[in-house]
Amino acid sequence: MRIGIISDTHGSVEAWEKALNSVFQEVDMILHAGDVLYHGARNPLPAGYGTVQLAEALNACPIPLVIVQGNCDSDVDQMVIDIPMQAPFALLEAPWGRILLTHGHRYAPDEALILAEKYRVRLWVSGHTHVPVMEKTNNTIFFNPGSPSLPKGDDPRPTVGLITEGMVKLIALDSGATLMELKL
């Protein structure tokens, strides 16, 4: 099973299409960790900003899509996106273990550890910070795929995630290079 992971598109149809037409070409499912359409009051407009076009692209996506609600997602966004934005998280079963998908603004690290243990989560996926993170604590991998449209951090570059062949990977959207990976 191949799963694409994206977060914090913030209305960039350009970033979505780039991920869909490259890294996500042969995935079985896509997980979106929120902040889908609106760029947010503290963010600049990303390249390719087009909320109507992005909503239409998501609605037309031929790949099953699971979306969680981010802090910039609103009831108005849900009115134009056909896929339910789940909150505060979505739990999914995969052949190698359970995935918890959340935006990342609701849980402090200690709360995330408690929930991960409670729900026996193998992969905790969150976004929000726009900074990629991949670390293993106990039996859970905590993964933030960064942002394909408004990257932040020491080396800000557009990134997405990919689960394939028992590995979770952080992929540079501009080059397709694997920047980080961990075995599930």
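Residues numbered from 1 in each chain as written. Predicted model: local features only at pLDDT ≥ 70, side-chain atom pairs only at ≥ 80, totals over all residues. Heavy atoms only, no water.

Participant: In this structure, what is going on with the overall build of the chain? I would like to understand it.
Facilitator: Each helix and strand in the chain was counted, giving four helices and 12 strands. Taken over the C-alpha trace, the chain has a radius of gyration of 15 Å; the compact-globule value for 184 residues is 16 Å, and the two agree within 12%. When its C-alpha atoms are laid out on the principal axes, the chain stretches across 40 × 35 × 35 Å. Here the chain holds 184 residues, and 52% of them are scored as buried. (Helix = DSSP H or I, 4+ residues; strand = E, 2+ residues; numbered from the N terminus. Rg over C-alpha atoms; globule rule 2.2 N^0.38 Å. Buried < 20%, exposed > 50% of the residue type's maximum accessible area, 1.4 Å probe, protein only.)

Participant: I keep staring at the nonpolar core and nothing clicks. Help me out?
Facilitator: The nonpolar side chains of a soluble globular protein tend to be buried, and buried together. Ranked by internal contacts, the top residues of the largest apolar core, which has 26 residues, are W16, F24, I30, V36, I81 and V160. When contributions to this core are tallied by element, the ones reaching two or more residues are α1 (13–20), α2 (51–60), β3 (65–68) and β10 (159–164). Sequence-distant contacts of V36, defined by excluding residues within four places in its chain, comprise T9, H10, G11, L54, L58, I67, D73, I81 and M85. (Core = buried A, V, L, I, M, F, W, Y, C linked by side-chain atoms within 4.5 Å. Contact = heavy atoms within 4.5 Å.)

Participant: Would you take a moment to explain the side chain of N43 for this structure?
Facilitator: As for its placement among the helices and strands, N43 is situated in the loop between β2 (29–32) and α2. Ignoring anything within four residues of it in the chain, the contact list for N43 reads H10, H130, L150 and K152.

Participant: Could you clarify how one ought to interpret a nonpolar patch on the surface in this entry?
Facilitator: Where nonpolar side chains cluster on the molecular surface, the patch consists of Y38, L45 and Y49 and spans about 290 Å² of accessible area. By the element assignment, Y49 lies in the loop between β2 and α2. Judged by its relative accessible area of 31%, Y49 falls in the partly exposed class. (Patch = residues over 30% accessible without salt bridge, like charges linked within 9 Å, V, L, I, M, F, W, Y side chains within 5 Å. Areas by Shrake-Rupley, 256 points an atom, 1.4 Å probe, with all protein chains shown as cover. Salt bridge = Lys/Arg side-chain N within 4 Å of Asp/Glu carboxyl O.)

Participant: Just to check I follow, could you spell out the packing of aromatic side chains for this structure?
Facilitator: Each pair of aromatic rings is reported with the distance of its centres and the angle of its planes. Within this structure, the stated rule accounts for three aromatic pairs. Clustering of aromatic rings is evident, with ring pairs tying together Y107, W124 and F142. (Phe/Tyr/Trp six-rings, centres within 6.5 Å; stacked < 30°, edge-to-face > 60°.)

Participant: Just to check I follow, could you spell out the pairing of strand β5 (residues 89–94) for this structure?
Facilitator: The side chains of a regular strand alternate between the sheet's two faces. Judged from the six bridges that link them, β5 and strand β6 (residues 97–102) form a sheet pairing that is antiparallel. The residue bridging L92 from the neighbouring strand is I99, located in β6. In sequence, β5 turns back onto β6 through a hairpin of two residues. (Pairing = 2+ DSSP bridges.)

Participant: Even after reading the chapter, I still don't get the sheet that holds β3, so can you show me in this structure?
Facilitator: Backbone-to-backbone hydrogen bonds pair the strands of a sheet. The strands run either parallel or antiparallel. Taken together, the seven strands give an open sheet; going across it, the order is β4-β3-β2-β1-β10-β11-β12, and neighbouring strands pair in mixed fashion. Each end of this open sheet is capped by a strand with a single partner; those strands are β4 (85–86) and β12 (178–183).

Participant: For this particular structure, what's the right way to read the pattern of salt bridges?
Facilitator: Pairing is possible between side chains of opposite charge, provided their charged atoms come close. Scanning all chains against the criterion turns up two salt bridges. Between D174 and R157 there is a salt bridge, and its shortest N-O distance comes to 3.4 Å. One end of the pair, D174, is in the loop between β11 (167–172) and β12; the other, R157, is in the loop between β9 (140–144) and β10, and 17 residues separate them in sequence. The exposure class assigned to D174 is partly exposed, which follows from its relative accessible area of 46%.

Participant: Before we go on, may I ask you to explain the side chain of K169 in this structure?
Facilitator: Relative to the elements of secondary structure, K169 occurs in strand β11. Buried and without a salt bridge, K169 has E181 as its closest oppositely charged side chain, separated by 4.2 Å. Here K169 is in contact with M134, F143, V160, G161, L162, T164, T178, M180 and E181, once residues within four sequence places are set aside. (Lys, Arg positive; Asp, Glu negative; His and termini not counted.)

On their own, these measurements won't tell you what the molecule is for.
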